[in-house]
Amino acid sequence: MHDSIDYIQRLRTLPTEAAPPYNWQEFQRRAAPARVETDWRPLAAAAALLLFVCAIAIWGRLGGGRHVVADSAAIEDGVQTWGTADRTSGADRQSLAQVNGAAGRPDDRDVAQGEVSGSPGAMSAGPTPGESLVAAKRSRAIESWLATLPQEPTVVRVGTRASVAGLEDRIAQVDDLMTSMRIDGMRSDRVAALQQERLRLVGSLAQVRYAEVVASRSP
Amino acid sequence: MARLTDIDVPVDVLTRARSGSEGAQAAIYAAVAPATFGLVRRLAGSKALAEDLFQETMMAVFQSLESFRGEAPLGAWVRQIAVSKCLMYLRSPWHRARLKLTYDGDCDWVESLLPATPGPRAEVVDLERALASLAPTARAVVWLFEVEGYSHEEIARSFGRSVSFSKSQLARAHAKLRQWFEPPVDSQTCTTL
């Protein structure tokens, strides 16, 4: 039996040392990762990278990263500007004007020629095969510009969408008609007239799509 | 067995350690590590926890060696850091809850504190088991007050509590230790047939 007063004295005689769990080398090895943790450089690099990625994402979201692959025919027509990734709506407008210029302002031409699509006679008497080739190039140029526009705006207006769908349907019909006429070996002047019609439709589509894009960007 | 407060190192070793000499730092480690781990082990209880706290203590020692002014022995300064680390752990609510869940009066860890040299082993084991039977906070208060020589004010300051907290913890711990060493005599065992 122990004396109750004595146990405090004996507490003071207990061993005060214990074998440490590891030696100096092991202590240094264990302390090394902790020192690395206090190094802020990797964190700063990661933060900078994150910031860069966010900036790229925001830039892309605002439409800055749009790239346009220029059509070779368009370059031949001297309308390279719309093939070099214009980034503002003003640049889009300029591109559209240039495309329309390259396309010979199809609407005006239609007025001058007098209802090309409405009269088969006018179609047969109007464009020559050379003009058909030019119309095909201009049509491709406008289509290249159309490809640079966003596929579909965030806010869709029913009327505009219906116009776009109608024009795309009519272009597809004209394409089908031209294909069948070529297969049947019909007169080239009629194909040229269809090419002019196609150019007019593509020009109209470009204007509607441009208006749609501008409307979607406006607040 | 050297007490931590008695351990000191020569000034030139200290100077070289401050300037980054690995040999001097190793010498300091060899001088203070056993007593530091003994103290930490006594206050923390569990071996795994003691190893973590020992690592933190030694890292703090070498990181803030520049701030050691040399007014007291190096061991006393190291002891202050070790006690601060252990009590910071004990008073944290998160770890207190964990200790409450894991504390089951396990006395196996006392074996590692037994002296390697032959001696009154049975008595030492008895004392160690009695200490291990206390709750971590009560054990820390008893050890700091009775063995390390802390005052109630110092203990209260270290725990961030009042002086009466320290006194009541000590009183309860002594009551339990007395019970350990003088178990109450059960009168019913001596009933006549």
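On a predicted model such as this, the values are computed, not experimentally measured, just so you know. (Residues numbered from 1 in each chain as written. Chains lettered and ligands numbered in written order. Predicted model: local features only at pLDDT ≥ 70, side-chain atom pairs only at ≥ 80, totals over all residues.)

K.L.:
Would you explain the overall build of chain A in this entry?
P.N.:
In terms of regular secondary structure, chain A is built from ten helices and zero strands. Helices and strands in chain A line up, N terminus first, as α-α-α-α-α-α-α-α-α-α. Within chain A, buried positions represent 24% of all 219 residues. (Helix = DSSP H or I, 4+ residues; strand = E, 2+ residues; numbered from the N terminus. Buried ≥ 20, exposed ≤ 12 C-beta atoms within 10 Å, placed from the backbone.)

K.L.:
I'm lost on the nonpolar core in this one. Help?
P.N.:
As a rule of thumb, nonpolar side chains are buried together in soluble globular proteins. Core analysis: the largest hydrophobic core is formed by 46 residues, its most contacted members being Val32, Val40, Leu53, Cys86, Ala140 and Val141 of chain B. Those elements giving two or more residues to this core turn out to be helix 2 (22-44), helix 3 (47-63), helix 4 (74-91), helix 6 (121-132), helix 7 (136-147) and helix 9 (163-181) of chain B. For this core, the element with the highest residue contribution is helix 2 of chain B, accounting for eleven residues. When near neighbours in sequence (up to four residues on either side) are disregarded, Cys86 of chain B contacts Val40, Leu43, Ala44, Leu53 and Ala140 of chain B. Membership of the second largest hydrophobic core comes to 17 residues, among which are Met178, Ala192, Leu199 and Leu205 of chain A. (Core = buried A, V, L, I, M, F, W, Y, C linked by C-beta atoms within 7 Å. Contact = placed C-beta atoms within 7 Å.)

K.L.:
Please explain the interface of chain A and chain B as it appears in this structure.
P.N.:
One frequent convention defines the size of an interface as the accessible area lost when the parts assemble. At the interface, 20 residues of chain A touch 32 residues of chain B. It is helix 2 (residues 24-37) of chain A that provides the largest number of residues to the side of chain A that touches chain B, a total of five residues.

K.L.:
Sorry if this is basic, but what is going on with helix 9 (residues 158-184) of chain A here?
P.N.:
Residue pairs spaced three or four apart in an α-helix point in one direction, given the helix's 3.6 residues per turn. Residues and elements named next belong to chain A. For helix 9, built from 27 residues, the straight-helix expectation of 39 Å at 1.5 Å per residue is met to within 8% by its first-to-last C-alpha distance of 39 Å. Along helix 9, the residues classified as buried are Leu167, Val174 and Met178. Against helix 10 (188-217) lie the buried residues of helix 9. Taken from the residues just after helix 9, Gly185 is the one with a positive phi, measuring 70 degrees. (Expected span 1.5 Å × (residues − 1).)

K.L.:
When you look at the environment of Asp126 of chain B in this model, what are you seeing that I'm missing?
P.N.:
Residue and element names in this part refer to chain B. Here Asp126 lies in helix 6. You can call Asp126 partly exposed: it has 17 C-beta atoms within 10 Å. It is 9.3 Å that separates the C-alpha atoms of Asp126 and Trp180, two residues lying 54 residues apart in sequence.

K.L.:
What should I look at first to understand the confidence of the model for chain A in this one?
P.N.:
Note: predicted coordinates in regions of low pLDDT should not be interpreted at a detailed level. Residues and elements named next belong to chain A. Per-residue pLDDT for chain A has a mean of 71; in total, 62% of the residues score no lower than 70. Scored below 50 in pLDDT, residues 67-89 makes 43 contacts in the model with residues more than four places away or belonging to other chains. Contacts from residues 102-125, a stretch scored under 50 in pLDDT, to residues over four places away or in other chains number 35 contacts. (pLDDT = per-residue confidence, 0-100.)

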